[in-house]
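What the coordinates show
Listed here are the chains, written in short residue letters.
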Amino acid sequence: MNPQAKLIFALSLTLGTTLTISSNHWIMAWTGLEINTLAILPLISKSHHPRAIEAATKYFLVQAAASALVLFSSMTNAWHTGQWDITQLSHPTSCLILTVALAMKLGLVPFHFWFPEVLQGSSLIVGLLLSTLMKFPPITLLYLTSPSLKPSVLMTMAILSTALGGWMGLNQTQTRKILAFSSISHLGWMAIIIAYSPKLALLNFYLYTLMTAAVFLSLNSIKALKLSTLMTTWTKAPSLNAVLLLTLLSLAGLPPLTGFLPKWLIIQELTKQEVALAATIIALLSLLGLFFYLRLAYCATITLPPHTTNHMKQWYNNKPTNTMVAVLTTMSLMLLPISPIILAVV
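Residues numbered from 1 in each chain as written. Predicted model: local features only at pLDDT ≥ 70, side-chain atom pairs only at ≥ 80, totals over all residues. Heavy atoms only, no water.

1. Quick notes on the overall build of the protein
The criterion, for reference: A run of H or I in DSSP counts as a helix once it spans at least four residues, and a run of E counts as a strand once it spans at least two, with each numbered from the N terminus. Our radius of gyration looks at C-alpha atoms and nothing else; its globule reference is 2.2 Å times the residue count to the power 0.38. Contact between two residues is taken to exist if any of their heavy atoms lie within 4.5 Å; hydrogens are not considered. Note that His is not counted, nor are the chain ends; the positive residues are Lys and Arg, and the negative ones are Asp and Glu. Just so you know, the charge point we use is NZ for Lys, CZ for Arg, CG for Asp and CD for Glu.
Within the protein one finds 16 helices and 0 strands. In terms of C-alpha radius of gyration, the protein reaches 20 Å, essentially the compact-globule figure of 20 Å for 346 residues. If you take every contact in the protein between residues at least 6 apart in sequence, the share linking residues at least 24 apart comes to 76%. Within the protein, one finds 18 positive and 6 negative side-chain charges whose respective centroids are separated by 18 Å.

2. A short note on the UniProt feature "transmembrane region" (unreviewed entry) in the protein
Basically, it comes down to this: UniProt positions are given in the numbering used here, feature names are shortened, and annotations may be inferred rather than shown by experiment.
If you check UniProt for "transmembrane region" (unreviewed entry), the listed places come out as residues 96-115, 124-146, 152-171, 178-197, 203-222, 243-265, 277-304 and 325-345 in our numbering. Strand forms 0% of residues 243-265 and helix 70%; the C-alpha atoms that close the span are 25 Å apart.

3. Some details on the packing of aromatic side chains
The following threshold applies: Each pair of aromatic rings taken from Phe, Tyr and Trp, with Trp reduced to its six-membered ring, is defined by centres within 6.5 Å and is described as stacked if the planes are under 30 degrees apart, edge-to-face if over 60, and tilted in the remaining cases. The rule is simple: take the accessible area with a 1.4 Å probe, protein chains only, and divide by the maximum for that residue type; under 20% is buried, over 50% is exposed, in between is partly exposed.
Under the counting rule described, the total for this entry stands at 8 aromatic pairs. Ring centres of Phe136 and Phe205 lie 5.7 Å apart, and the angle between their planes is 5°; on these two criteria the pair is classed as stacked. Note that Phe136 is positioned in helix H7 (residues 136-145) and Phe205 in helix H10 (residues 198-222), a separation of 69 residues in sequence. Its relative accessible area of 18% is what places Phe136 among the buried residues. For the ring pair Phe260 and Trp264, a centre distance of 5.9 Å and an interplane angle of 5° mean the geometry is stacked. Of the two residues, Phe260 and Trp264 both sit in helix H13 (residues 260-272), 4 residues apart, roughly one turn of that helix. Given a relative accessible area of 25%, Phe260 falls into the partly exposed group.

4. Here's the deal with a nonpolar patch on the surface
Stated formally: The residues that make up patches have over 30% relative accessible area and no salt bridge, and they are joined within 9 Å when like-charged or within 5 Å when they are Val, Leu, Ile, Met, Phe, Trp or Tyr. The method behind every accessible area is Shrake-Rupley, applied with a 1.4 Å probe, and residues are considered shielded solely by the protein chains displayed. A carboxyl oxygen of Asp or Glu within 4 Å of a side-chain nitrogen of Lys or Arg is what we treat as a salt bridge.
A grouping of Leu38, Phe60 and Leu61 is seen on the molecular surface, where their side chains present a nonpolar patch of about 310 Å² in accessible area. The topology assignment puts Phe60 in helix H3 (residues 50-81). Taking relative accessible area as the criterion, Phe60 reaches 39% and is therefore assigned partly exposed.

Right under this line is the structure:
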């Protein structure tokens, strides 16, 4: 793909995201979502591999259906209330349809089936965009409409997402699929808290984006698409592999790393809102996620592959680590001590 085309698609993604997050009118928000969808499709399918074309087709069909539901929900609300303002969503049917539409956009259970398949058919960099930037507009719409949405529906989806994200990630051997199920699991944490404390959900999303970007870029540096490849990359970039271990544990939410902060605050807030049972269930379900993060970390740094199998050891890479990877990794590990400042800003 030539640089001019890449620039156009990057600008379109920026425009679509900005349009959705800054609009008050449903039609403008919908337009932003459509621009985003159309801009990411060529990036998914640029390799012309059958799996990439399949991923692009699945992504287009799901996103088109979800956008149609967003439009249908807003039109139903406008028909009954005369309001096109995003924050004035009050009709119960519209609220339910919008919840379904945004769950499809984000990949929340039970509308999650497309996400691992699409991520598997994309490159690591496009996978990073799908897991972070493309989730930002729907999360913003969820944030703006959260007072109108039913907490019980969101809580059910959240617990199912955390359970299924953890459960399905256990048996995977492809790093992109593991990160897809990790994303579904994290979205569960955002969905459970958004009705009670929308700002906490956004904080969780920002920190999740930070940690996921660090993991995706690290895997892209060492070109690890499968666990078997990850086992042999310790010879290529030992220091990056060692830090990848800590970044994965941060994504799992272990203290004293950055990933512990949103989980701790969400459990605290749920307990204050007297839904301690839900907090207990989601905390226990996150242990499933911890297992597959530990498996990834184990493969990346602790295992030596058995010498009986034929495999190529990779050459030691003497090039300096990408600055972006270094900055994101440092932030993924060390933001917990400054959490009072983060909370004050949020």
